[in-house]
Amino acid sequence: MGKNAGGGRRKGPLSSLVSGASCAALLFGMSVSMLTPLPSQSQAGRTFEEIEKKATEARDAKRLEDAVALYREGLKLEPRWNEGSWYLGTSLYGLKRYGEARDAFRHLALSQPGNGPAWALAGMCEFELTNFPRASEFLSRAESEGLGENRELVPCNTHIFG
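Residues numbered from 1 in each chain as written. Predicted model: local features only at pLDDT ≥ 70, side-chain atom pairs only at ≥ 80, totals over all residues. Heavy atoms only, no water.

## Let's talk about the overall build of the chain
The condition is simple: By definition, any uninterrupted DSSP run of H or I lasting at least four residues is a helix, any uninterrupted run of E lasting at least two residues is a strand, and each is numbered from the N terminus. Relative accessibility under 20% of the residue-type maximum defines a buried residue, over 50% an exposed one, and the middle range a partly exposed one, all with a 1.4 Å probe and only protein chains included. Every residue pair with non-hydrogen atoms within 4.5 Å of one another is taken to be in contact. Computed by Shrake-Rupley with a 1.4 Å probe, the accessible areas treat only the displayed protein chains as cover when residues are assessed.
Each helix and strand in the chain was counted, giving eight helices and zero strands. For the chain, the succession of helices and strands along the chain, N to C, is α-α-α-α-α-α-α-α. Expressed as a percentage of its 162 residues, the buried residues of the chain come to 30%. Relative to all contacts within the chain whose residues are 6 or more apart in sequence, the contacts with residues 24 or more apart total 44%. Counting every atom, the chain has about 10,200 Å² of accessible surface; 58% of that belongs to carbon and sulfur.

Shown next as structure tokens:
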């Protein structure tokens, strides 16, 4: 390659294409990274703490559909948020969405195997879904794990299955 009048190397058509493509890739990468929320932020730009507060407010105000959406959003940011799994399940149960509630309670029960109340509510969901053998299994597991301070759940298995 020859030199241009300024003494530097001449740039051919390929070098300008490569540098233009590199520049475009860099700009694209920067724009994507700026749009991707931080792990502690939701898609709406809210922090976990803000979501947790709004979810509690929605649940306390009996706005269960809003609470469900907020608990799900919070659980995407903090998958091990056990309180969020519990309240997601109870909100779904209150909406009579038993299959989804069962899944939330099972997730919690499997992440905390000794959580008797989670097993009990998973069993109650199975009962509502008329899956009686699974309901009996979960309710028995709840009794064996213990129900802690949730004494109102103690008679579930005997009352339902005699």
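After presenting the structure, the write-up continues.
## Overview of the packing of helix 5 (residues 98-111) against helix 6 (residues 116-128)
Keep this limit in mind: Between N-to-C directions, angles cover 0 to 180 degrees, with each direction set by a line fitted to C-alpha atoms, over the stretch in contact for helices. Roughly parallel refers to an angle under 35 degrees, roughly antiparallel to one over 145, roughly perpendicular to one between 65 and 115, and oblique to any angle outside these ranges. By convention the crossing between two helices is left-handed if the near helix lies anticlockwise of the far one by an angle smaller than a right angle, and right-handed if it lies clockwise. When residue character is reported, Ala, Val, Leu, Ile, Met, Phe, Trp, Tyr, Cys and Pro are called nonpolar, Asp, Glu, Lys and Arg charged, and the others, Gly included, polar.
Taken N-terminus to C-terminus, the directions of helix 5 and helix 6 make an angle of 155 degrees; their axes are 8 Å apart at the nearest point. Here helix 5 is positioned roughly antiparallel relative to helix 6, judged by the angle of their axes. Our pair here, helix 5 against helix 6, has a crossing hand that is left-handed. Contacts from Tyr-98, Ala-101, Arg-102, Phe-105, Arg-106, Leu-108, Ala-109 and Leu-110 of helix 5 reach helix 6 at Ala-118, Trp-119, Leu-121, Ala-122, Cys-125, Glu-126 and Glu-128. Across the contact of helix 5 with helix 6, the residue classes tally to 11 nonpolar, no polar and four charged.

## Here we look at the side chain of Ser-91
Structurally, the position occupied by Ser-91 is in helix 4 (residues 82-94). Ignoring any residue separated from it by four or fewer positions in sequence, one finds Ser-91 in contact with Arg-59, Leu-64, Ala-67, Val-68 and Tyr-71.

## Here we look at unusual backbone geometry
Residues other than glycine seldom take positive phi values, yet Lys-62 does so here, at roughly 65 degrees. Residue placement: Lys-62 occurs in the loop between helix 2 (48-60) and helix 3 (64-77). The backbone of Lys-96 sits at a positive phi, close to 65 degrees, despite the residue not being glycine. Note that Lys-96 resides in the loop between helix 4 and helix 5.

## Points about the pattern of salt bridges
Where we set the bar: A carboxyl oxygen of Asp or Glu within 4 Å of a side-chain nitrogen of Lys or Arg is what we treat as a salt bridge.
Counted according to the given criterion, the structure contains 11 salt bridges. Two residues, Arg-97 and Glu-100, come together in a salt bridge whose shortest N-O distance is 2.9 Å. Note that Asp-103 and Arg-102 form a salt bridge whose closest N and O atoms lie 3.1 Å from each other.

## Considerations on the confidence of the model for the chain
Basically, it comes down to this: The predictor rates its confidence in each residue with pLDDT, a number between 0 and 100.
With 64% of its residues at a pLDDT of 70 or more, the chain shows a mean pLDDT of 79. Below a pLDDT of 50 lies the segment residues 13-38, which in the model reaches two contacts outside its immediate sequence neighbourhood of four places, other chains included.

## A few points about the packing of helix 3 against helix 4
One can describe the packing of helix 3 onto helix 4 by two numbers: an axis separation of 9 Å at closest approach and a directional angle of 150 degrees. One element, helix 3, and the other, helix 4, form an angle in the roughly antiparallel class. For the pair helix 3 and helix 4, the crossing hand works out as left-handed. Residues Leu-64, Ala-67, Val-68, Tyr-71, Arg-72 and Leu-75 of helix 3 pack against Gly-84, Ser-85, Tyr-87, Leu-88, Ser-91, Leu-92 and Gly-94 of helix 4. Class assignment for the residues of the contact of helix 3 with helix 4 results in eight nonpolar, four polar and one charged.

## Remarks on the environment of Ala-104
Assignment of secondary structure puts Ala-104 in helix 5. Between the C-alpha atoms of Ala-104 and Leu-88, which are 16 residues apart in sequence, the distance is 6.6 Å.

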